[in-house]
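Chain by chain, the residues run as shown.
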Amino acid sequence: VSNHSYGAWGQQWMFGFYDSYCQFWDEIAYNAPFYTIFQAAGNQQGNNSTKGIWDTLALPAAAKNCVTCGSVQAISGGFSGDLSKIVISGTSSLGPTDDGRIKPDIVGCGVNIYTLTSSNDTSYGYWSGTSFSTPNVSGSAALLQQHYKATHSNSKMRSATLRGLLI
C-alpha cells in the first residue's frame, strides 16, 4: 500500500484526462499485483468553467489501476449506514474521467483534519483536502491487508482484491 497525496496538477483541459503520467502509474500497478497505489483526487471542484463541479480530476487521479480518493466531511456520531449523511467536501475533485470512468473510487474524511503544520517542530492545525482523506483511506487499506495476512496463512491479498473489497 502506498499513499500519493502530495498534490495533483494540470491545466483545466487536462481534468479527467488519461495521459502518459497516468499510464506510468498504471504500468507500475500492473507489474506489481500485490501493490495498491492510492492517489488523491485533487481539490479542483468548481474550477472547470465548462462543466462546473464535474470533470475536475487533476493528474494523475485518472489512472485506471490506482485507487483515487475523494474527500468527505466527518459524520457526526459515526456512520450508521445512512448514505444521506455523507457530504462530499466543497473542494474535492470529481469525475467522471474523459473516457467515462467513475472517479474517485472511494472517499474518506478529509475536512478539518487536526495535523502537523510547518510553522515549527511542534505546531498543529486544521487542514482539509484530498491530501488528508487519501492517507486515511490508505491506512485503513493497510489494516485490511494486515488482517488478511493474519487470517490467510501469512499470504498477501492481491491489489485487485483489495480494490474490489474497498469499493
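Attention in this report is confined to the structure presented alongside it. (Residues numbered from 1 in each chain as written. Predicted model: local features only at pLDDT ≥ 70, side-chain atom pairs only at ≥ 80, totals over all residues. Heavy atoms only, no water.)

## Points about the layout of surface pockets
Inference 1: Of the voids in this model, the largest pocket is the one considered here, and its volume is about 190 Å³.
Inference 2: If you go around the largest pocket, the residues you meet are W54, I88, L94, G95, P96, K103, P104 and V107. (1 Å grid on protein atoms, 1.4 Å probe; cavity = no way out; pocket = protein on both sides within 12 Å on 5 of 7 lines; lining within 4 Å. Points joined across faces, edges and corners; volume = space filled by probe spheres on them.)

## Observations concerning the environment of T56
Inference 1: With respect to the helices, strands and loops of the structure, T56 is situated in the loop between strand 2 (37–40) and strand 3 (67–72).
Inference 2: For T56, a relative accessible area of 0% translates into the label buried.
Inference 3: Taking C-alpha positions, T56 is 8.0 Å from G42, a pair spaced 14 residues apart along the chain.
Inference 4: Not counting residues within four places of it along the chain, the set of residues in contact with T56 comprises F15, Q44, Q45, G46, N47, N48, S93 and L94. (Helix = DSSP H or I, 4+ residues; strand = E, 2+ residues; numbered from the N terminus. Buried < 20%, exposed > 50% of the residue type's maximum accessible area, 1.4 Å probe, protein only. Contact = heavy atoms within 4.5 Å.)

## Describing the pairing of strand 2
Inference 1: Here strand 2 shows no split at all, with I37 and Q39 on one side and F38 and A40 on the other all buried.
Inference 2: Two elements, strand 1 (residues 2–4) and strand 2, share 3 bridges in a ladder whose sense is parallel. Its bridge partner lying in strand 2, H4 is registered against Q39.
Inference 3: Bridging between strand 2 and strand 3 involves 3 bridges; their strand directions are parallel. Bridged to Q39 within strand 3 is T68. (Pairing = 2+ DSSP bridges.)

## Structural notes on the packing of aromatic side chains
Inference 1: If you walk through the whole model with that rule in mind, you get 7 aromatic pairs.
Inference 2: Between the aromatic rings of Y114 and Y126, the centroid separation amounts to 5.0 Å while the plane-to-plane angle is 45°, which identifies the pairing as tilted. Of the two residues, Y114 sits in strand 5 (residues 113–116) while Y126 sits in strand 6 (residues 124–127), which places them 12 residues apart along the sequence.
Inference 3: On the basis of relative accessible area, Y126 is assigned to the exposed category, the value being 58%.
Inference 4: Site record: aromatic cluster; members linked through ring pairs are Y21, F24 and W25.
Inference 5: Note that K64 overlies the ring of Y18, its terminal NZ or CZ placed 4.6 Å from the centroid.
Inference 6: Over the aromatic face of F34 sits the side chain of R158, whose NZ or CZ is 5.4 Å from the ring centroid. (Phe/Tyr/Trp six-rings, centres within 6.5 Å; stacked < 30°, edge-to-face > 60°. Lys NZ or Arg CZ within 6 Å of the ring centre and 35° of its normal.)

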